[in-house]
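# Coordinate analysis (summary)
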Amino acid sequence: MSPRDATVSVMDSSAEGAGHPSSPRRERVDAIAAVYNAAGDDYIAYADGDPTRPFAFEGTHAHADRLIWRLLDEKLTALRASGVREVRLLDAGCGPGTWLRRLVARAHALGFTVVSARGFDLAQAQIQRARLLAGNLSRLPGVDLTFDVADLTSPLPEPDGCVDIALCLYSVLSHLPDASLPSVASELARVTSGHFVAAVRSIGSPPSALADPMENVRRIERDHASDLCEIELCDGRQAAFRFHLFGAAELRDLFADHFDIEDLRALDLFHRRFTPDPRWSPPSLAIERTMSMELARLEEAYARHPAFIDHASHLLLVARPPSAAAAALSRLAPRFAESMR
Ligand SMILES: C[S@@+](CC[C@H](N)C(=O)[O-])C[C@H]1O[C@@H](n2cnc3c(N)ncnc32)[C@H](O)[C@@H]1O
């Protein structure tokens, strides 16, 4: 059966077996990979727009992408300005690798002389795409850019504290079994010395088929009680897979034991509602410039407001490892350290 006509199922979680062909883990991995493999090149078009123009930020998530990019650019620029000449980047669940290509291109332009970057993902088709698109970038002097197929629920091969910027963007965490999340958070913290940046869908986000635009969807059901998403596309493809929507407090709690949380904010509280989609947003609501600026102002005003944050399309978490002193304090006097957070 080709991935295009695959009907996939999902299994979770706690009693995940090893690599046995019919283990729950194997089925979970296959179910998620099948969705993103089947989407193939359509995924990058849907998520990022034209892959040859990675800085155009024109896609469905243009507003959120611009915000994330501004943040990443700031972190990279500050690192370079501090005199550092070597940078190591990691993108967990990189899909077609657009975010890593952006970071590598920018790091090279900023004058980092050694740029080591690894992206990995469950979906073979996305990794193939990422490798193809890496072409010229990976041949730049000092750049070592690799993409491989791997599962974020397995231990990372990176040594402790070697990654300057670690990414886990757009719903990767939503696909992971609950039981694996604490160890995934701890692994990401183990390898990160600089910043960790994650984006997840929030509990108030509008429906999404994740790998395909909503125009292609005939039927979608999200069951929050069982964290299951079922989709039937207009071309007959069907998929059922784990999809967990996060609350802001839940996302913070997941990482707070391992990182200092620098920022936790809403992305696309308002913009996303006006994204053209023939069935959800009539064409008359297409955003023009003045309205877009007004929405951007509102986004900033309410992005961290407790009453609004969970209504976002996505939540953005920016974190960094606790300072050595804080980590020591946390070991010696955990209650006091917690009260200081
Ligand atoms: C919505 S896409 C986001 C891709 C990319 N981070 C981006 O922002 O464009 C979610 C990705 O997570 C990947 N994924 C899901 N579970 C994973 C896991 N356990 N390990 C690695 N990748 C995973 C999927 O294959 C998919 O490519």
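This write-up is about the structure you can find in this document.

Rules of the game
Residues numbered from 1 in each chain as written. Predicted model: local features only at pLDDT ≥ 70, side-chain atom pairs only at ≥ 80, totals over all residues. Helix = DSSP H or I, 4+ residues; strand = E, 2+ residues; numbered from the N terminus. Buried ≥ 20, exposed ≤ 12 C-beta atoms within 10 Å, placed from the backbone. Contact = placed C-beta atoms within 7 Å. Near = placed C-beta within 6 Å. Nonpolar A, V, L, I, M, F, W, Y, C, P; charged D, E, K, R; others polar. Core = buried A, V, L, I, M, F, W, Y, C linked by C-beta atoms within 7 Å. Expected span 1.5 Å × (residues − 1). Pairing = 2+ DSSP bridges. Axes fitted to C-alpha atoms, helices over the stretch in contact; angles between N-to-C directions. Parallel < 35°, antiparallel > 145°, perpendicular 65-115°, else oblique.

### Quick look at the overall build of the chain
For the chain, the count of helices and strands is 10 helices and 10 strands. Looking at the chain as a whole, 41% of its 341 residues are labelled buried. In the chain, the proportion of contacts linking residues at least 24 apart, taken out of those at least 6 apart, comes to 74%.

### Points about the site of the ligand
Neighbouring the ligand are 23 residues, the closest being Gly93, Gly95, Leu152, Tyr170 and His175. Every element with two or more residues in the shell around the ligand is listed here: α1 (24–39) and α4 (98–110). Among the elements that take part in the shell around the ligand, α1 stands out by supplying 3 residues, more than any other. Considered class by class, the residues forming the shell around the ligand number 14 nonpolar, 7 polar and 2 charged.

### Topic: the nonpolar core
Residues Val35, Leu103 and Leu315 are the most contacted members of the largest nonpolar core, which totals 87 residues. The biggest single contributor to this core is α1, with 8 residues.

### Notes on α4
The terminal C-alpha atoms of α4 lie 18 Å apart, and with 13 residues this matches the ideal 18 Å at 1.5 Å per residue to within 8%. What α4 keeps buried is the set Thr98, Trp99, Leu100, Arg101, Arg102, Leu103, Val104 and Ala107. Two residues or fewer after α4 comes glycine 111, characterised by a positive phi angle close to 100 degrees.

### Side note on the sheet that holds strand β9 (residues 260–267)
Read across the open sheet, the 7 strands follow the order β3-β2-β1-β4-β5-β10-β9; overall the sheet is mixed. The two strands at the open ends of the sheet, each matched to only one other strand, are β3 (143–149) and β9. For this sheet the average axis-to-axis angle between neighbouring strands, irrespective of direction, equals 10 degrees. Sitting on the sheet, helix α7 (residues 248–256) touches β5 (192–201), β9 and β10 (314–320), and the angle it makes with β9 is about 155 degrees.

### Notes on the pairing of β10
Where burial is concerned, most of β10 is hidden: 6 out of the 7 residues are buried. Inspection of the sheet shows β5 paired to β10 by 6 bridges, in the antiparallel sense. Across the sheet, residue valine 200 finds its bridge partner in β10, namely leucine 315. Relative to β10, β9 is paired through 7 bridges, and the arrangement is antiparallel. By the bridge assignment, isoleucine 261 is partnered in β10 with alanine 319.

### Notes on the environment of aspartate 121
For aspartate 121, the location among the structural elements is in strand β2 (residues 114–121). C-beta crowding within 10 Å serves as the criterion here: with 27 such atoms nearby, aspartate 121 is assigned to the buried category. Distance from aspartate 121 to leucine 152, taken between C-alpha atoms, is 7.7 Å for residues 31 residues apart in sequence. Excluding anything up to four places from it in sequence, aspartate 121 contacts Gly93, Cys94, Gly95, Gln126, Ile127 and Val149.

### A short note on the packing of α1 against helix α5 (residues 124–138)
Where α1 meets α5, the axes come as close as 7 Å, and the angle between the chain directions of the two elements is 45 degrees. Here α1 lies oblique to α5, going by the angle between them. Packed against α1, whose contacting residues are Ala33, Tyr36 and Asn37, the element α5 presents Gln124, Ala125 and Gln126 at the interface. Residues that form the contact of α1 with α5 fall into these classes: 3 nonpolar, 3 polar and no charged.

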